[in-house]
Amino acid sequence: MLATLAIFFLTLIFSMPLGLLVCEIRKSRIGIVRWIARIYISIMRGTPLMLQLLVVFFGPYYLFGMKVTATYRFYAVIIGFALNYAAYFAEIYRGGIESIPKGQYEAAEVLGYSKVQTFWKIIFPQMVKRVLPPVTNEVITLVKDTSLAFALAYTEMFTLAKQVAASTASIMPLFIAGLFYYIFNFLVAMVMEKLEKRMQYFD
């Protein structure tokens, strides 16, 4: 259970800010930079997460001949998850930013705000409110996707539940794991709903 929680929280900690960075690169005026971000997003969203985890884990060995240690297994899981979810968050953020009327930027310019101040004080809070529903969906999906860590033989809750179910010839461990995912997702949805209500200030 702790391993599952670690994957969940560390993925969010790294993927959310990385997604914002990718979003800004995606909106760059420099064509080649913008296309690099688009290709990255396309690959991350167009290939299975399980395949990406395998590439991150085995890539250093096959590409550079580096020895892959057992310790790296956990890091590979976090890197793979963070890179994957950053691509989804980047597109969600971009949609939220582009939905804000241009009048907001013009008003900020009249008030003497710099571009950085305009983004963080005016655009960002409104963007956060608009993207909360799709972000909630991604966060809920992440809770369930943590089970894909089994692809790298990293033992998290669902992997252990399958092993116990196989050794005891009982389906009960899988039901218990499923109950954990349901409760965890219920709590996540409840927290996000409260956050959404607090963001009504920016209507």
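Residues numbered from 1 in each chain as written. Predicted model: local features only at pLDDT ≥ 70, side-chain atom pairs only at ≥ 80, totals over all residues. Heavy atoms only, no water.

(A) Spotlight on the nonpolar core. In terms of nonpolar packing, the biggest core is built from 49 residues, with F8, F81, Y93, V135 and V188 touching the most fellow members. At the level of secondary structure, the elements contributing two or more residues to this core comprise α1 (2–26), α2 (31–46), α3 (49–64), α4 (70–98), α6 (115–145), α7 (157–168) and α8 (172–198). For Y93, the residues in contact, after removing those within four places along its chain, are M16, G19, L20, C23, M127, V131 and V135. (Core = buried A, V, L, I, M, F, W, Y, C linked by side-chain atoms within 4.5 Å. Buried < 20%, exposed > 50% of the residue type's maximum accessible area, 1.4 Å probe, protein only. Helix = DSSP H or I, 4+ residues; strand = E, 2+ residues; numbered from the N terminus. Contact = heavy atoms within 4.5 Å.)

(B) Highlighting α2. For α2, spanning 16 residues, the distance from its first C-alpha to its last is 22 Å, which sits close to the expected 22 Å at 1.5 Å a residue. Looking at α2, one finds that the buried residues are A37, I41 and M44. Projected down its long axis, α2 shows its buried positions confined to an angular sector of 70°, all on one face. Along α2, exposed side chains directed more than 90 degrees from the buried face belong to I32, I36 and G46. Residues of α2 that are buried make contact with α1, α3 and α4. (Expected span 1.5 Å × (residues − 1). Arc of directions from axis to C-beta.)

(C) Quick look at the packing of aromatic side chains. Overall, the coordinates contain 16 aromatic pairs when judged by the stated rule. Taken together, the aromatic side chains of F8, F9, F180, Y181 and F184 make up a single cluster linked through ring pairs. Here K121 stacks its cationic end above the ring of Y113, 5.9 Å away from the centre of that ring. Just above the ring of F150 sits the side chain of K162; from NZ or CZ to the centre is 4.1 Å. (Phe/Tyr/Trp six-rings, centres within 6.5 Å; stacked < 30°, edge-to-face > 60°. Lys NZ or Arg CZ within 6 Å of the ring centre and 35° of its normal.)

(D) View of unusual backbone geometry. Positive phi values are uncommon outside glycine, yet A169 reaches one of about 55°. Relative to the helices and strands, A169 is located in the loop between α7 and α8.

(E) Focus on the environment of L83. Inspection of the secondary structure puts L83 in helix α4. Among the residues examined, L83 registers a relative accessible area of 29% and is labelled partly exposed. Along the backbone, L83 and E109 are 26 residues apart, and their C-alpha atoms lie at a distance of 35 Å. The residues contacting L83, other than those within four sequence positions of it, are L18, Y40 and M44.

(F) The confidence of the model for the protein, seen in detail. Per-residue confidence for the protein gives a mean pLDDT of 88, with 99% of residues at or over 70. Within the protein, no element has a lower average pLDDT than α7, which sits at 82, and none a higher one than α2, at 94. (pLDDT = per-residue confidence, 0-100.)

(G) Focus on the pattern of salt bridges. Summed over the entire model, instances satisfying the criterion amount to three salt bridges. Notably, a salt bridge pairs R26 with E91, separated by 3.8 Å at the nearest N-O pair. Highlighted residues: R26 in helix α1 and E91 in helix α4, separated in sequence by 65 residues. On the accessibility criterion, R26 (14% relative accessible area) is buried. Residue E91 is classed as buried on the basis of its relative accessible area of 17%. R94 is the salt-bridge partner of E91, the closest N and O atoms lying 2.9 Å from each other. (Salt bridge = Lys/Arg side-chain N within 4 Å of Asp/Glu carboxyl O.)

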